[in-house]
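Here is what each chain is made of, one letter per residue.
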Amino acid sequence: MSAITVGRPVALRRPIYGWALHDGFVVARRNLIQTIRVPELLFFSLVQPVIFVLLFAYVFGGAIPIPGDGASPADAANAYRQYLMPGIFGQTVAFAAAASTVGLAEDMSRGIIDRFRALPMSPSAVLLGRTFADAVRQILVLAVLSITGLLVGWRINNGLFSALLAYALLLFFAYTVAWVGAWIGLSVPNPETANTAGLAWLFPLTFLSNAFVPISSMPDWLQPIAAYNPISTLVLATRELFGNPTGIQPHYWSLDHAALYTLISCAVLIGIFAPLAVRKYRNATSR
Amino acid sequence: MSDKPAVYAEGITRTFGDVKALDGMDLVVQRGQVVGLLGPNGAGKTTMVRILSTLLRPTGGHAEVAGFDVVKQANQVRRMIGLTGQFAAVDEYLTGRENLRMFGDLFHLTPKYVKARSEELLTSFDLDDAADRSVRTYSGGMRRRLDLAASLIARPEILFLDEPTTGLDPRSRLGMWQVINDLVADGTTVLLTTQYLEEADQLAQNIVVIDHGHVIAHGTAEQLKDQIGGDRIEVTVHDDATAERAARAMESVISGHPLIEGNKISAPVSGGSMVLVGAIRALDLEQIEITDIMLRRPTLDDVFMSLTGHLAEDETQRPEPTRRRGVRRR
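Keep in mind that this is a model prediction, so the values were computed, not measured.

Looking now at the overall build of chain B. Helix and strand content of chain B: 11 helices and 14 strands. Principal-axis analysis of the C-alpha atoms places the extent of chain B at approximately 75 × 45 × 40 Å. Within chain B, contacts between residues at least 6 apart in sequence are counted, and of these 67% link residues at least 24 apart.

So, in structure tokens, the structure goes:
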């Protein structure tokens, strides 16, 4: 091994759009490279939603009636698939939070976090990068899901622009829950716990919504909970934007302004969980 | 740069629950020096390095690195230092080159500089061929070298090496020593921790011996050796039982307390090579068969033994709170 030459002094780059964003993008790039290097992980994160599409479309499809649609059983099944796909989209992007939980818990248990922390980088970069990469990954997941949906009979009926808005809303939601997931990932003691804790809250959250069944079919006391669940409004807004059947909605402010309520929920959730997660990251690492 | 010492720490304490990892630790490292922090597991070496590298806040005391307060001016400290810990802190899935690029970017260096510096480091550390392979495929020695390269990407003035060769095979260890010696020749200030006395002796001109979270001795290797007196006699006999007898037989020859380890006796002596003759005569009188006998200069092991009452490699049963499993150290 040859000696290391000491040359010119270190050249510092000038911040273009703030170091936090810059550092966040560097970490996000690393997380996305990891995704490419472990294709198995990506594969299995795609398999689950695809299986859900097939299960619901063919197993439950005929059994769950959508009020106000389809007279014959064949029509009903087709209507349900139209109804179902946005539900699957919503559920899938919500489950992206689990990836953030596990990924962050794993990062925190490895030596690399020490190096990040010994660098003069932005302290929120690890979290910004993680949440951003996890949301970006959902682009691919949504693409695969959409193709699967198209194959089982789902259609985009409202034009390309509305469809793009729907996808954008889904991705924004994915980014939001990634922060919640990140916060959980920083709260659990080890990666093993992260696996369970990362999923535990997502099942009630996604099933207590209109993702798979109409809210009007739920008991009265449950309806307001489902109605104000941001997943319900996300799914409803997505259905409207894709031009898919929405069923008959009970009247709640959130459901009457689904897209707006979803955006507000996302902003509030990020406003709560991003600072919580950053604080947790700082505390967890500087004790 | 100011003329302040590279590292200045005064009365550093750090507790983890009930465990006192550091208990009034003082440390000064002058610029350009290589200081070895020597101590057994649990002595507080890693805790000290983590505090100096801003990864851990001290419970009490005051520490400056390159003239900056490690708590209040953590980011300025981070600009000046490189840190290589006990576990390779590189990304498994990235290639060697991608790792260096990432750390360079996070150091806010220009892409052009990062590129040139990465090439230089990859070549210096013999990682040219592996540069575009995922780190998962690296051997332990290669990981450590990449880890060290990552610490050097921004040409730090002060380098912290926490047990840089722990877990490496002898060949990789020699390689690491070579690299560290090269860095030192370039004028980098190095603070390294080790539990290997041989390593401290090899790499550091100044050795600080710590135990139970504070300094118990410091000086050059020679000074420390002189501190415990002259030569030592080492006798190997046939079995453990005989060793006890042999130690008693040599009582008149040796000048201090003998240390018996299995079938080996080691004891301080004064009086040069004539001691050997006396020892052989005394053992012969008791009809004890000698397998091996020698006279040697004291090693740092002996220093440690006489300072602490236990061996450096002795795995004391105290908890080692600085051995991290993630950040959830309790």
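Still more ground to cover, so stick around.
Once that is clear, we can look at the overall build of chain A. Summing up its helical and strand segments, chain A has 12 helices and 0 strands in all. When the helices and strands of chain A are placed in sequence order, the string is α-α-α-α-α-α-α-α-α-α-α-α. Pairs at least 24 apart in sequence give 82% of the contacts found in chain A among residues at least 6 apart.

Another aspect to go through is the sheet that holds strand β14 (residues 290-296) of chain B. Residue and element names in this part refer to chain B. Ordered by their spatial adjacency, 4 strands build an open sheet running β12-β13-β11-β14, and the pairing between neighbours is antiparallel. Unpaired on one side and paired on the other, β12 (259-261) and β14 mark the two borders of the sheet. Neighbour-to-neighbour, the strand axes of this sheet turn through a mean angle of 15°, independent of strand direction. Examined bridge by bridge, strand β11 (residues 232-237) and strand β13 (residues 264-268) share 5 bridges and lie antiparallel to one another. Opposite I233, over in β13, you have A267 as the bridge partner.

This part is about helix α7 (residues 191-200) of chain A. All names here are of chain A. Where α7 is concerned, the buried positions are P191, A194 and G198. The buried residues of α7 occupy one face: seen down the axis, they fall within an arc of 30°. In α7, the exposed residues that point more than 90 degrees away from the buried face are E192 and T196.

What follows covers the domain arrangement of chain B. Its domain assignment divides chain B into domain 1 (7-225) and domain 2 (230-297). Between the C-alpha centres of domain 1 of chain B and domain 2 of chain B there is a distance of 41 Å.

On the side of chain A, 35 residues touch chain B, which itself brings 47 residues to the contact. The set of elements that each furnish at least two residues to the side of chain B that touches chain A consists of α2 (74-80), β6 (81-84), α3 (96-106), α4 (111-124) and α6 (170-185) of chain B. Tallying contributions element by element places α6(B) first for the side of chain B that touches chain A, with 6 residues. Of the residues assigned to the side of chain B that touches chain A, the class counts are 23 nonpolar, 11 polar and 13 charged.

This part takes up unusual backbone geometry. Residue and element names in this part refer to chain B. Positioned with a positive phi, D126 is a non-glycine residue whose angle comes to about 60°. Note on placement: D126 falls in the loop between α4 and α5 (140-151). The class of D126 is partly exposed, set by 15 C-beta atoms lying within 10 Å.

The next thing to look at is the confidence of the model for chain B. Residues and elements named next belong to chain B. Confidence in the prediction of chain B, expressed as mean pLDDT, is 84, and 92% of residues score 70 or more. Across residues 314-330, confidence stays below pLDDT 50; counting only partners more than four residues off in sequence or on other chains, it has 32 contacts. Predicted complex, confidence summary: ipTM 0.83, pTM 0.80.

All names here are of chain B. With mixed pairing, the 6 strands of this open sheet are ordered in space as β6-β7-β8-β3-β9-β10. Each end of this open sheet is capped by a strand with a single partner; those strands are β6 and β10 (214-219). Pairwise comparison of adjacent strand axes, ignoring direction, gives a mean angle of 15° for this sheet. Of the strand pairs in this sheet, strand β3 (residues 34-38) and strand β8 (residues 189-194) are connected by 5 bridges, and their pairing is parallel. Residue pairing for β8: L37 is matched across the bridge by T193. Sheet contacts for α6: β3, β7 (158-162) and β8; angle to β8, the most-contacted strand, approximately 150°.

Residue and element names in this part refer to chain B. Under the 1.5 Å per step criterion, the end-to-end length of helix α10 (residues 274-285) is 17 Å for 12 residues, consistent within 8% with the ideal 16 Å. Within α10, burial applies to V275, A279 and L283. Summarising the axial view, the buried residues of α10 lie within an arc of 65°, below the 170-degree limit, and thus occupy one face. In α10, those exposed residues whose orientation departs by more than 90 degrees from the buried face are M274, V277, R281, D284 and L285.

Next up on the list: the pairing of β14(B). Residues and elements named next belong to chain B. Burial of β14 is sparse: only 0 of the 7 residues sit out of reach of the surface. Across 6 bridges, β11 lies against β14 in antiparallel orientation. Its bridge partner lying in β14, E234 is registered against M294.

A few words on the pairing of β13(B). Residue and element names in this part refer to chain B. Pairing analysis gives 3 bridges linking β12 to β13, with the strands arranged antiparallel. Opposite L259, over in β13, you have S266 as the bridge partner. Taken together, β12 and the strand that follows it, β13, pair antiparallel across an intervening segment of 2 residues, in which G262 is found at a positive phi of about 65°.

Our next topic: the nonpolar core. Of all hydrophobic cores here, the largest spans 161 residues; its most connected members are A:A277, B:L52 and B:V65. With 18 residues, the single largest contributor to this core is helix α3 (residues 73-108) of chain A. With residues up to four places along the chain from it excluded, the contact list for A:A277 reads A:L127, A:W179, A:A182, A:W183 and A:L186. Formed by 15 residues, the second largest nonpolar core is a distinct cluster that contains B:A243, B:A249, B:M250 and B:V269.

What follows concerns the confidence of the model for chain A. Per-residue confidence for chain A gives a mean pLDDT of 87, with 90% of residues at or over 70. Of the regions scoring below 50 in pLDDT, residues 1-9 of chain A engages in 18 contacts with residues more than four places distant in sequence or in other chains.

Attention now goes to the environment of B:F125. Residues and elements named next belong to chain B. Assignment of secondary structure puts F125 in the loop between α4 and α5. For F125, a count of 24 C-beta atoms within 10 Å gives the class buried. With 17 residues separating them along the chain, F125 and M142 place their C-alpha atoms 8.5 Å apart.

What counts as what
Residues numbered from 1 in each chain as written. Chains lettered and ligands numbered in written order. Predicted model: local features only at pLDDT ≥ 70, side-chain atom pairs only at ≥ 80, totals over all residues. Helix = DSSP H or I, 4+ residues; strand = E, 2+ residues; numbered from the N terminus. Contact = placed C-beta atoms within 7 Å. Pairing = 2+ DSSP bridges. Axes fitted to C-alpha atoms, helices over the stretch in contact; angles between N-to-C directions. Buried ≥ 20, exposed ≤ 12 C-beta atoms within 10 Å, placed from the backbone. Arc of directions from axis to C-beta. Domains from an automatic or database assignment. Nonpolar A, V, L, I, M, F, W, Y, C, P; charged D, E, K, R; others polar. pLDDT = per-residue confidence, 0-100. Expected span 1.5 Å × (residues − 1). Core = buried A, V, L, I, M, F, W, Y, C linked by C-beta atoms within 7 Å.

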